[in-house]
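Structural features, examined
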Amino acid sequence: MANPGRAAAGRGVYLDGLNPEQREAVEATDGPVLVLAGAGTGKTRVLTTRIAHILSLGLAWPSQILAVTFTNKAAREMKERIHAMVGEEVEGMPWLGTFHSIGVRMLRRHAELVGLRSGFTILDTDDQIRLLKQLLQAENIDEKRWPARLLANVIDGWKNRGLGPQQVPAGEGASFANGRGQKLYADYQARLKALNAVDFGDLLLEGIRLLRENPDVLADYHRRFRYILVDEYQDTNVAQYLWLRLLAQGSRNVCCVGDDDQSIYGWRGAEVDNILRFETDFPGAKVVRLERNYRSTGHILGAAAHLIAHNEGRLGKTLFSEGERGERVTVTGAWDSQEEARAIGEEIEQLQRQGHALTQVAILVRASFQMREFEDRFVTLGLNYRVIGGPRFYERAEIRDALAYLRVIASPSDDLAFERIVNVPKRGLGDAALRQIHDHARAAQLPLVEAARELVTSEELKPKVRQTLRDLVGSFDRWREQMATMPHHELAEIVLDESGYTEMWQKDRSADATGRLENLKELVRSMEPFENLIGFLEHISLVMDVDGGAGGDAVNIMTLHSAKGLEFDTVFLPGWEEGVFPNQRALDEQGRAGLEEERRLAYVGLTRARRRAKVFFASNRRIHGLWQSAVPSRFLDELSEKDVEVTESRGGSGWGGGQSGRYGYGPSRFDEAQSFGSSYSTPGWQRAQARQESGRQGAFSGGGSVGGGFADNRPSRFAASEGARGRVIEGELIAKSTGTPARFALGTRVFHQKFGYGEVTSVEGNKLTVLFDKAGEKKVVDSFVEAA
DNA sequence: GGGCCGGCATGTGTT
DNA sequence: ATGCCGGCCC
C-alpha cells in the first residue's frame, strides 16, 4: 500500500515520540477507525500526525483528504500543525475545515441541483429570526405565545436531526403553534429558496439531499475522498452523521476521534449515540483507546475518573498518568457566593505571589451569571482577568448593521440586509414605507432595492419619503460603482460615513457608544487582509469569530463549555451546588441523560487542570435577585475521597449545611459544617479587608488593560478593550515551550521575591524549575525571578 | 416616527 | 436584580 518513492523522504520522523497507542491510531490508515481519546491524551497530535503519515506514504494527495472539525479554531490549529509537519502541502488541503465550511464548498459547486444559485447567501441566527418573525406575522400567530426564537430552535432541531419539512414526524409538527410548526418550516424553506439563501442547518441538510438525490455527484466525492477524518466525533449530530456516512461509503477509510466522556453538547443536537454506535455503523472498525494522560497529576485524574464512573452508557476508558500524584483536589465551602469569590480571589493572589502566571489560572463556571461575582471581586482587588466567550464580535448590533450595508452593496438582492438598514440610522423610512416597498417587490417579483428604485419614479410614496428613498438607492448605486475602483476597507469607511451610520453613534450619548465606534474601526481594519468585499463577506458568514490578541497576564473566566479543549495549571470550579451544577433545568428537562451530561461537564472541568483543581460551593446564592440556600452538589460526593482534601474557606463561616435530602438523595459528607471554624481573623481575611479599603485605586489604575468588569453605565474601558476583542483563543494560553529565548540558562543563580535564592534546574520556555536554597524545588515563571 | 413603560425570562452556544 | 422586547402613547 505504501508508495516507496515518497516514503523515502524522512520516513517516520513524525512518528517519533508517539506512544504505542497513538502510533497504532496513526498507522491504521485503512478501514474505519475509532480513536477514543481521553482528555489530555494527545488527540490532536494523533489526527495531525495521521494526516502527515497518509501524505508522507503517498496514500493520497492533500486534496483527497477530507478532515472535518466543529470550530474554525480547531480547523486553524490543525492546519497549522500539519503545516509544521509536512510543509507547503497543507496549502493544498482544500477539504480541511468545519462541517459548515465544507458544506458550503460542496453546495456552491452544485447549487443548482438543490434549487439554489451559486451566489446564495448564508443567513445567521439573527436573519433567521427576522425571517421567521415575518412568517409568524403573515400567519397571524401570537408572537408572545410562540416566539420566533422558539420556532428557530425547533426548526434547527429538526435540521440537526436531518429532517426536512416533509420528514417531520406528525406528532412533532404539532408541537409548535397548535400544529402549524411543520407548515411554518415548509414556508420558511420556501422563503429561503426565494431569497437564494440558506441557514447554517441547510449547509448540511441540503448537502445530504444533494448527495442522496445525485448519485453521480456522490460517486464523484467517493472517488475524491480517499481518507476521511473527523474531530470531536462525540459532538456530531444526526445530520452530520448522515452526511459523513454517505461520504464514507466510498473509501470506508474513515477515522473518527472523540471522547464519549466529553460529550457536552446534547442540548445542541449532538448525539452521543453516534460515537457509542460506531462499531455497529462501521462494521469491522478498529477501536484504539488513548488512555495515557499527559496533562494532569494523579490526584486530579483519580478524582475525575471516580466521578465519571458514575455515568452509565460509556464506552469506558481509564486514564492514567505516569507523572506525580501532585496536590489533591480541594473542596471548599463558602457561606455565600461573595465569599466564594473572595476566597478564590485570595487563592489567586497567593498563586500570583508565588510566581504563577495568571494566564495559567482559570475559573470555570456552569452558567455565565456566576461570572459577575468574580468580575466584581477582581475589579476591587485590581486583579487582571479576561472573560472568554460572551457576545461575539460579529454578533454585535453595530457590526451587523455595517455588514448589512456591505451586503446590500455586494448583492443587491439581499433583502434581509436591506431591511435591516433601510431605516438605520433613522431616516424616515419606517414601517409604512417599508410595507409599500414590500408590496411592490412582491407584485413586481423584484428584490427590495429594485422595487424601491421603481417605486421612487412613481407617485405612490409621499414626496419626502420618495426623496429619502431615492437618495438611499442612489447612494447604494454610487457605492457599488466605487467598489470596482477602491480598496474595500476604504469603501466601508465611506459607506459608514456617507450613510450617516457613524454619525448616529457619534451623536449617541449612551455609555457604550464609544465602544461601538471602536468596534466599527476594528471591523474596517479586519477587512484589510481580504482580497475583496465578496471574499470578506463569505469569510465572516462562516467565521463569526475574530482573532483577539491574547492580552496580558490575566485570569481566565469562562464557562465549562467554552473550556473544552483548553488546559491550565490551576483550575477553579465554583458553584458546585445542586440546582446550579448539576443545573436544575438540565435535570428537569432531560432527566438522567441531563444529569449524565452535567457530570461529563464536571469531568471536562476537572480534566482541564494540569496541577491544581479547586472546587467550591456556596450555601447561599442570589439567583434572579433572590437569595436561595443551596445544597452541595452530588458531584462532590462522587469525587474519590483519597484524591480530595476538604479545606477551610478563608472567610471561614462555613456553609451551614444540614439541608440534604431536599432533592431526594442521600446525605452528603459535605453536609456538616464542623470542619469549618469561624475564623474571620485569618491573615488572609484581614488582608482582604485591608485591601478592600486601600486597594480601590488599584482596581482602576492597576495593570494591563485586560480587565473588563465595568457594567454598562460605567466608564467604557470594558467596551473599548475587552469588548472589541471578543473571543480569545487557545493559542496563547499554553505556555510556550519554544520560540522565546530562555532568559536563564541551567545552573544560573536567581533570586525570587518569595522563595529567595536558588539555582535553575530546568527551563521550559518561560517556565523555570528552580531549586531554592530554603524553599526547595519550585516551578516559577521566569519573569518573577531575577539573576542573583 | 420616536420614546417610555411594563411584562417576562434569566443553562450551556459553533456554524 | 436586570435586561430585553413589545405595546402604547405622544
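Just so you know, these numbers come straight off a predicted model, no measurement behind them.

Definitions and limits used
Residues numbered from 1 in each chain as written. Chains lettered and ligands numbered in written order. Predicted model: local features only at pLDDT ≥ 70, side-chain atom pairs only at ≥ 80, totals over all residues. Heavy atoms only, no water. Helix = DSSP H or I, 4+ residues; strand = E, 2+ residues; numbered from the N terminus. Buried < 20%, exposed > 50% of the residue type's maximum accessible area, 1.4 Å probe, protein only. Contact = heavy atoms within 4.5 Å. Areas by Shrake-Rupley, 256 points an atom, 1.4 Å probe, with all protein chains shown as cover. Expected span 1.5 Å × (residues − 1). Polar contact = N/O pair within 3.5 Å; in protein donor to acceptor, adjacent residues only side chain to side chain. Near = heavy atom within 4 Å.

Describing the overall build of chain A
A count of helices and strands for chain A gives 32 helices and 21 strands. Taken across its 788 residues, chain A has 55% of its residues classed as buried. Looking at chain A alone, contacts between residues at least 24 apart form 76% of all its contacts between residues at least 6 apart. Summed over all atoms, the accessible surface of chain A reaches about 33300 Å², with 49% contributed by carbon and sulfur.

Re helix H22 (residues 463–485)
The terminal C-alpha atoms of H22, which comprises 23 residues, lie 34 Å apart, in line with the 33 Å expected from a rise of 1.5 Å per residue. For H22, the set of buried residues is Val 465, Arg 466, Leu 469, Leu 472, Val 473, Ser 475, Phe 476, Trp 479, Arg 480 and Gln 482. Buried residues along H22 sit in contact with helix H18 (397–410), helix H19 (415–421), helix H20 (431–444), helix H21 (448–455) and helix H23 (488–498).

Considerations on the environment of Arg 314
Topologically, Arg 314 is positioned in the loop between helix H15 (298–308) and strand E9 (329–336). Among the residues examined, Arg 314 registers a relative accessible area of 23% and is labelled partly exposed. Along the sequence, Arg 314 and Ile 141 sit 173 residues apart, while their C-alpha atoms lie 43 Å from each other. Apart from residues lying up to four places away in sequence, Arg 314 is in contact with Asp 260, Asp 261, Leu 276, Ile 308 and Ala 309. Among the polar contacts listed, one links the side chain of Arg 314 to the side chain of Asp 261, at a separation of 2.6 Å. A polar atom in the side chain of Arg 314 sits 3.5 Å from the backbone oxygen of Lys 317.

Looking at the protein's contact with DNA strand B
Near DNA strand B you find 29 residues, and of these Asn 72, Ser 368, Gly 430, Thr 559 and Glu 589 are the closest. Atoms of DNA strand B within 4 Å of the protein: sugar and phosphate make up 52%, bases the balance. A distance of 3.5 Å separates a sugar or linking oxygen of DNA strand B from a polar side-chain atom of Asn 583. Of all elements in the fold, only helix H27 (560–563) and helix H28 (584–606) reach the threshold of two or more residues within the surface near DNA strand B. It is H28 that provides the largest number of residues to the surface near DNA strand B, a total of four residues.

A short note on the environment of Tyr 394
Mapped onto the elements of the fold, Tyr 394 is located in the loop between strand E11 (385–387) and H18. Linking Tyr 394 and Asn 519, residues 125 residues apart in sequence, is a C-alpha distance of 9.6 Å.

A look at unusual backbone geometry
Glycine aside, residues mostly have negative phi angles, and peptide bonds mostly take the trans form. Omega for the bond connecting Val 424 with Pro 425 falls within 30 degrees of zero, at 0°, which places this linkage in the cis form. Positionally, Pro 425 belongs in the loop between H19 and H20. For the bond running from Phe 581 to Pro 582, omega is 10°, close enough to zero to count as cis. Of note, Pro 582 is situated in the loop between strand E13 (568–573) and H28.

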